[in-house]
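Secondary and tertiary structure notes
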Amino acid sequence: MIKITVWNEFIHEKKHQKCMELYPNGIHSAIADFLNCEDDFTVRTATLDDEECGLTEEVLADTDVLIWWGHAGHKLVPDEIAQRVVRHVHNGMGFIPLHSSHASKPFTMLMGTVGNLSWRESGDFERLWVISKAHPITKDLPDYIELPHEETYAEPFGIPTPDEILFIGWFSGGEVLRSGLTYKRNNGKIFYFQPGHETFPTYYNKDIQKVIINAVRWAAPEIRTEKIEFPRIPVTNQF
Ligand code: ZN
């Protein structure tokens, strides 16, 4: 079984009418619902309101893949919690930051950059091109995914050069973004995925769900350590 924790700040869905209607139990619950349909997944959720943001040592040690949705509350996540997430990623926990989590504390700490990008909130149409077919995350996807409305996110995107670019998002205003990106940090695998603005029903799209399901299987740890160790190499003098 792959143990998943879906973390959401859960702010917009308690305040804004449109978000409440779309995601009455929060984005985290909508994501957990489709993940729970997979026989090999066990899913829990956590939010900013939970004690220690719901991300205690025990929860993270028992999490294979952490999915993260944050936007208005990035600064409300204590540094200590973000650093705890980063440490678990280095040790092998998979990490999938979604949409505006490009500016979340754990993602920017893992990237070493501020993760800034250009944006416009006008409900543009997005065509999300699959640009790498031979990858577990793009398995069984069509050539592209069409989203009637998304927040426009655009280059330049202030991130380190990714290990792999799997998706490029094109918006009807003409902008493009590297929208699906992989990284490794020590033992941990990271997949950033752009779609998912809170006022659009993006997480009900079956192909978007498939990407996240595929990404969970890809990001599940190959190995998991207590900490990253670099042992001293004994002197052998054999040459
Ligand atoms: Zn957004």
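Residues numbered from 1 in each chain as written. Predicted model: local features only at pLDDT ≥ 70, side-chain atom pairs only at ≥ 80, totals over all residues. Heavy atoms only, no water.

Considering a nonpolar patch on the surface
On the surface, Trp129, Ile131, Tyr144, Ile165, Trp170 and Val176 cluster together to form a nonpolar patch covering roughly 490 Å² of accessible area. Relative to the helices and strands, Tyr144 is located in strand β6 (residues 144-154). On the accessibility criterion, Tyr144 (33% relative accessible area) is partly exposed. (Patch = residues over 30% accessible without salt bridge, like charges linked within 9 Å, V, L, I, M, F, W, Y side chains within 5 Å. Areas by Shrake-Rupley, 256 points an atom, 1.4 Å probe, with all protein chains shown as cover. Salt bridge = Lys/Arg side-chain N within 4 Å of Asp/Glu carboxyl O. Helix = DSSP H or I, 4+ residues; strand = E, 2+ residues; numbered from the N terminus. Buried < 20%, exposed > 50% of the residue type's maximum accessible area, 1.4 Å probe, protein only.)

A few points about the pattern of salt bridges
Inspection of the entire model under this criterion finds 17 salt bridges. Of the charged contacts, one joins Asp62 and Arg44 as a salt bridge, the two residues approaching to 2.8 Å between their closest N and O atoms. One end of the pair, Asp62, is in the loop between α4 (57-61) and β3 (65-69); the other, Arg44, is in strand β2 (residues 41-47), and 18 residues separate them in sequence. Bridged by salt links that share partners, the residues Glu52, Glu57, Glu80, Arg84 and Arg87 form one connected network.

Let's talk about helix α5 (residues 79-91)
Compared with an ideal rise of 1.5 Å per residue, which puts 13 residues at 18 Å, α5 spans 18 Å between its outermost C-alpha atoms and is within 8% of the ideal. If you check which residues of α5 are buried, you get Ile81, Ala82, Arg84, Val85, Val86, His88, Val89 and Asn91. Summarising the contacts, the buried residues of α5 are in contact with α4, β3, β4 (94-98), α6 (105-111), β8 (176-185) and β9 (188-193). A positive phi of about 135° marks Gly92, the residue just after α5. (Expected span 1.5 Å × (residues − 1). Contact = heavy atoms within 4.5 Å.)

Concerning the environment of Asp49
Note that Asp49 resides in the loop between β2 and α4. Since its relative accessible area comes to 55%, Asp49 is described here as exposed. Sequence separation between Asp49 and Ile11 is 38 residues, and the spatial gap between their C-alpha atoms is 9.5 Å. A polar contact of 2.4 Å, which involves the side chain of Asp49, links it to the side chain of Lys14. (Polar contact = N/O pair within 3.5 Å; in protein donor to acceptor, adjacent residues only side chain to side chain.)

Things to note about the environment of Arg127
Positionally, Arg127 belongs in strand β5 (residues 118-130). Remark: the alpha-carbon pair of Arg127 and Glu150, spanning 23 residues in sequence, is separated by 9.8 Å. What Arg127 contacts, discounting residues up to four positions off in sequence, is Tyr144, Ile145, Glu146, Ile168, Gly169 and Trp170. Only 2.8 Å separates the side chain of Arg127 from the side chain of Glu146, close enough to count as a polar contact.

Observations concerning the sheet that holds β2
Reading across from one edge, β2-β1-β3-β4-β9-β8-β7-β5-β6 is the order of the nine strands in this open sheet, with mixed pairing throughout. In the strand order of this sheet, the two ends are held by β2 and β6, each with one partner. Mean inter-strand twist for the sheet, computed between neighbouring axes without regard to direction, equals 25°. As paired elements, strand β1 (residues 2-8) and β2 share seven bridges and run parallel to each other. If you follow Ile2 over to β2, its bridge partner there is Phe41. Relative to β9, α5 is tilted by about 120°, and along the sheet it contacts β3, β4, β8 and β9. (Pairing = 2+ DSSP bridges. Axes fitted to C-alpha atoms, helices over the stretch in contact; angles between N-to-C directions.)

Regarding the coordination of the zinc ion
Taken together, the protein ligands of the zinc ion are His99 (NE2), Glu151 (OE) and His197 (ND1), with distances of 2.0 to 2.1 Å. Along the chain, the residues donating to the zinc ion fall in the pattern H-x51-E-x45-H. In this pair, Glu151 is assigned in strand β6 and His197 in the loop between β9 and α7 (206-219), connecting sequence segments 46 residues apart. For the pair formed by Glu151 and His197, the shared burial category is buried. (Donors = N, O, S within 2.8 Å, 3.2 Å for Na, K, Ca; no water.)

Focus: the pairing of β5
Sheet analysis places β5 next to β6, joined by eight bridges and oriented antiparallel. Paired with Arg127 across the strands is Glu146, a residue of β6.

Things to note about the packing of aromatic side chains
Describing an aromatic ring pair means giving the distance of the ring centres and the angle of the ring planes. All told, the structure shown has ten aromatic pairs when counted by the stated rule. Here Tyr23 and Tyr204 contribute two aromatic rings whose centre-to-centre distance is 5.2 Å and whose plane-to-plane angle is 10°, an arrangement assigned as stacked. On the criterion of sequence distance, the pair formed by Tyr23 in the loop between α2 (17-22) and α3 (27-35) and Tyr204 in the loop between β9 and α7 is long-range, its members being 181 residues apart. With 5.5 Å between their ring centres and 65° between their planes, Phe157 and Tyr192 make a pair best called edge-to-face. You can see Phe157 sitting in the loop between β6 and β7 (164-171) and its partner Tyr192 sitting in strand β9, a full 35 residues away along the chain. For Tyr192, a relative accessible area of 0% corresponds to the buried category. Members of the aromatic cluster, joined through ring pairs, are Trp7, Trp68 and Phe95. Above the plane of the ring of Phe10 lies Lys14, whose end atom (NZ or CZ) is 4.8 Å from the centre. (Phe/Tyr/Trp six-rings, centres within 6.5 Å; stacked < 30°, edge-to-face > 60°. Lys NZ or Arg CZ within 6 Å of the ring centre and 35° of its normal.)

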